[in-house]
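Listed here are the chains, written in short residue letters.
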Amino acid sequence: MHSALVNLHDADDRRLPRIAPACSLVIFGITGDLARKKLVPAIYDLANRGLLNPAFSLVGFARRDWNGQDFEDFIRTSVEKHNRTGFNERTWRQLATGLRFVSGTFDDPAAYQRLAETLHELDTTRGTGGNHAFYLSIPPSWFPAVSQHLADTGLNQRHGTAFRRIIIEKPFGSDLASAQELSRVLGHAFDEENIFRIDHYLGKETVQNLLAMRFANTMFEPLWNSNYVDHIQITMSEDIGIGTRAGYYDGIGAARDIIQNHLLQLLALTAMEEPLDLSPTSMRVEKEKVLRAVRLPDNLDTSTARGQYAAGWQGGAHVRSFLEEDGIAPDSTTETFAAVQLFVDTRRWANVPFYLRAGKRLGKRVTEIAVIFKGAPHVPFDNSDLGETGQNSLVIRVQPDEGMTLRFGSKVPGAGMQVRDVSMDFSYGHAFTEDSPEAYERLILDAMVGNAPLFPNQTEVELSWRILDPILRHWEASGIAPQSYRPGSWGPAAAHQILARDGRSWRIP
Ligand code: BG6
């Protein structure tokens, strides 16, 4: 009895919520959009869910000339506006006692000295025990300087069992060479195991459910291979344009912004073999095998497509073209839509095409993985009765309406044998009473607990660039501008042709 109780409290017991140890989290770029809308609210929601140690402290680092009260007001506004779990005055008061602000530029050594003093003060007055994580929510061009300054100030140095970690947001380079260079620079200050690279898609509940769905059940896995699967479509579409993010987006584009990271990670999780366990090592071994096995078709003209949104009407409003957006060069050839066809050269997936697409200003906001099965090899009735029946499909709806849809043929009531496609739906909203946490809640908590399976490592990043680089080089060498597409549509004609050539079509989500 006693040992059962002890086991239940084992830190590795996945049924128990893990709680962040006493620590401080320093956010560089705290005034930016991501910090304001996602990171700070996620931290508050973690506190509200009781997942932070009472000593948890949040340190903001930014250029503003703020005092402590200004910072507290800023954090409170962000929490009140964007929290998920409801504003609770008690949670807020607890969190507020651990707020600190360091004013300075990212290249000012004196500001890092002040940061070191602040962290020391937190260790002594709040018992944060030397555990410090540094979250770089800043343009990547600053990553090398910030990590170097942290090292110069000794803030990267761990003492005893305390941790020092750096958390970075993509893009991790803009091609293989720059990703390797970034890794080399960060590696001067932090060991690979203390570098946490955020791919926020991996923090989404539905993405993690992919593992549960595939490996906790018996009925999907026997079909999960080239014997039964015709092809797989992975879609990440947004109905918004680039908004105010021209500075980040121009020159980056949809392939680097979404396919290199989010979509290739979804592909890896969809295609991988069962990992030995959910440890970072076991997960990465399997994902890496998939990424290594990815093959591009020979003809990149016919197997890839890029587009740019034109001006037009969307949702009842007239919207500008990409080239008319503020801050975009009028002759920019950055793509706002990209589609590619890939193969995974393993026995399981031999000759099964994976079609990936990502874009802005499309029909609606949706991310999904659609597994399209082969048609029945034979039917014991007249084929013409199969009129409206398509292929069976299993659609994993990553967002916004999280869940899964199974589509299959069913008899239409009546005397004849008419078959029509019907759907069976699982929806998170109906099946569970608890709302899904935001991806950033999960990832920030994991980074502080030191649980890394949801963070891509450098090898995965490099393998993904190895897949994308030839496509990017091909596009650049061809000198062909992206095809324009109408807002609210499903991308340029070239994207449809990729599938049409194979006698297939994209799903309309
Ligand atoms: C980010 C991209 O990684 O994901 C953005 O840089 C995109 O361009 C965003 O808008 C979408 O995230 P989500 O969670 O809203 O699908």
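In this report, we go over the structure that sits alongside the text. Since the structure is predicted, the reported quantities are computational estimates derived from the model, not experimental observations.

1. Describing the overall build of the protein
Right, on to step 1. Assigned secondary structure in the protein consists of 16 helices and 18 strands.
Right, on to step 2. For 509 residues, the compact-globule estimate of 2.2 N^0.38 gives 23 Å, and the protein sits close to it at 24 Å.
Right, on to step 3. Dimensions of the protein along its principal axes, counting C-alpha atoms only, are 80 × 70 × 45 Å.
Right, on to step 4. A separation threshold of at least 6 residues defines the contact pool for the protein, and within that pool the share at least 24 residues apart is 76%.

2. Quick notes on the nonpolar core
Generally speaking, soluble globular proteins have nonpolar side chains that are buried together.
Right, on to step 1. Membership of the largest hydrophobic core comes to 144 residues, with the highest contact counts inside it found for Phe28 and Leu115.
Right, on to step 2. If you tally residues by element for this core, the top one is helix H10 (residues 253-271), at 11 residues.
Right, on to step 3. Once residues within four sequence positions are removed from consideration, Phe28 is found in contact with Phe61, Phe106, Tyr112, Leu115, Phe134, Tyr135, Leu136, Ser137, Ile138, Val146 and Leu150.

3. Overview of unusual backbone geometry
Both trends apply: most residues other than glycine have a negative phi, and most peptide bonds are in trans.
Right, on to step 1. Omega for the bond connecting Lys170 with Pro171 falls within 30 degrees of zero, at 5°, which places this linkage in the cis form.
Right, on to step 2. For Pro171, the position within the fold is in the loop between strand E5 (164-169) and helix H7 (176-189).
Right, on to step 3. A cis amide bond links Gln399 to the next residue, Pro400, at an omega of 0°.
Right, on to step 4. Relative to the helices and strands, Pro400 is located in the loop between strand E15 (393-399) and strand E16 (403-411).

4. Quick look at the site of the ligand
Right, on to step 1. Among the 14 residues in the neighbourhood of the ligand, the closest are listed as Tyr201, Lys204, Glu238, Asp257 and Gln399.
Right, on to step 2. For the ligand, an oxygen atom lies 2.5 Å from a polar atom in the side chain of Tyr201.
Right, on to step 3. At a separation of 2.6 Å, an oxygen atom of the ligand approaches a polar side-chain atom of Gln399.
Right, on to step 4. Within the complex, the protein chains bury 83% of what would otherwise be the 400 Å² of accessible surface of the ligand.
Right, on to step 5. Element by element, the count of residues in the shell around the ligand is highest for H10, at three residues.

5. Quick notes on the environment of Val352
Right, on to step 1. Following the sequence through the fold, Val352 ends up in the loop between strand E12 (337-344) and strand E13 (353-359).
Right, on to step 2. Of the residues examined, Val352 reaches a relative accessible area of 2% and is grouped as buried.
Right, on to step 3. C-alpha of Val352 to C-alpha of Ile232: the two residues are 120 residues apart in sequence and 7.6 Å apart in space.
Right, on to step 4. Setting aside chain neighbours within four positions, we find Val352 in contact with Ser226, Val229, Asp230, His231, Leu342 and Phe343.

6. Examining the pairing of strand E3 (residues 99-103)
Right, on to step 1. Along E3, four of the five residues are buried, which leaves the element largely enclosed by surrounding structure.
Right, on to step 2. Pairing of strand E2 (residues 57-62) with E3, which is carried by five bridges, proceeds in the parallel orientation. Each bridged residue has a counterpart across the sheet, and for Leu58 the counterpart in E3 is Leu99.

7. A short note on the sheet that holds E2
Right, on to step 1. Strand order in the open sheet made by the six strands is E3-E2-E1-E4-E5-E6, with parallel pairing throughout. Looking along the sheet, the strands with just one partner apiece sit at the ends: E3 and strand E6 (195-198). The mean angle between the axes of side-by-side strands here comes to 20°, regardless of whether they run parallel or antiparallel.
Right, on to step 2. Both strand E4 (residues 132-136) and E5 contribute to a ladder of five bridges, which runs parallel. Of the residues in E5, the one forming a bridge with Tyr135 is Ile167.

8. Some points on the side chain of Arg165
Right, on to step 1. Locating Arg165 in the fold gives a position in strand E5.
Right, on to step 2. No salt bridge is formed by the buried Arg165, whose closest oppositely charged neighbour, Glu193, lies at an N-O distance of 7.7 Å.
Right, on to step 3. Within the structure, the side chain of Arg165 is placed 2.8 Å from the backbone oxygen of Ala447, a separation counted as a polar contact.
Right, on to step 4. Leave out the neighbours within four places in its chain, and Arg165 touches His132, Ala133, Phe134, Phe190, Asn194, Phe196, Ala447, Met448, Val449 and Gly450.

9. Side note on the pattern of salt bridges
Right, on to step 1. Applying the stated rule across the entire model yields 30 salt bridges.
Right, on to step 2. Lys170 is paired through a salt bridge with Asp257; the nearest N and O atoms lie 2.8 Å apart. With Lys170 in the loop between E5 and H7 and Asp257 in helix H10, the pair connects residues that are 87 residues apart, well separated along the chain. Each member of the pair Lys170 and Asp257 is classed as buried.
Right, on to step 3. The partner of Glu221 in a salt bridge is Arg348, with the nearest N and O atoms 3.0 Å apart. Here Glu221 is found in the loop between helix H8 (205-215) and strand E7 (229-237), whereas its partner Arg348 is found in the loop between E12 and E13, with 127 residues between them in sequence.
Right, on to step 4. For Glu221, a relative accessible area of 17% corresponds to the buried category.
Right, on to step 5. The exposure class assigned to Arg348 is buried, which follows from its relative accessible area of 15%.
Right, on to step 6. Sharing partners across several salt bridges, the network here consists of Arg214, Glu221, Glu273 and Arg348.

10. Description of the packing of helix H6 (residues 143-152) against H7
Right, on to step 1. The geometry of H6 relative to H7 is characterised by a closest axis approach of 8 Å and an angle of 15° between their N-to-C directions. As far as their axial angle goes, H7 and H6 are roughly parallel. The chirality of how H6 crosses H7 is left-handed. Residues Phe143, Pro144, Ser147 and Ala151 of H6 pack against Leu182, Val185, Leu186 and Ala189 of H7.
Right, on to step 2. Grouping the constituent residues of the contact of H6 with H7 by class yields seven nonpolar, one polar and no charged.

11. A word on the packing of H10 against helix H11 (residues 280-293)
Right, on to step 1. Closest axis-to-axis distance for the H10/H11 pair is 9 Å, and the angle between their directions is 105°. On the basis of the axis angle, H10 is roughly perpendicular to H11. Contacts from Leu264, Gln265, Leu267, Ala268, Leu269 and Ala271 in H10 reach Met283, Lys287, Val290 and Leu291 in H11.
Right, on to step 2. When the residues that make up the contact of H10 with H11 are grouped by side-chain class, the tally is eight nonpolar, one polar and one charged.

Cut-off values and rules
Residues numbered from 1 in each chain as written. Predicted model: local features only at pLDDT ≥ 70, side-chain atom pairs only at ≥ 80, totals over all residues. Heavy atoms only, no water. Helix = DSSP H or I, 4+ residues; strand = E, 2+ residues; numbered from the N terminus. Rg over C-alpha atoms; globule rule 2.2 N^0.38 Å. Contact = heavy atoms within 4.5 Å. Core = buried A, V, L, I, M, F, W, Y, C linked by side-chain atoms within 4.5 Å. Buried < 20%, exposed > 50% of the residue type's maximum accessible area, 1.4 Å probe, protein only. Near = heavy atom within 4 Å. Polar contact = N/O pair within 3.5 Å; in protein donor to acceptor, adjacent residues only side chain to side chain. Areas by Shrake-Rupley, 256 points an atom, 1.4 Å probe, with all protein chains shown as cover. Pairing = 2+ DSSP bridges. Axes fitted to C-alpha atoms, helices over the stretch in contact; angles between N-to-C directions. Lys, Arg positive; Asp, Glu negative; His and termini not counted. Salt bridge = Lys/Arg side-chain N within 4 Å of Asp/Glu carboxyl O. Parallel < 35°, antiparallel > 145°, perpendicular 65-115°, else oblique. Left-handed = near helix turned anticlockwise from the far one by under 90°. Nonpolar A, V, L, I, M, F, W, Y, C, P; charged D, E, K, R; others polar.

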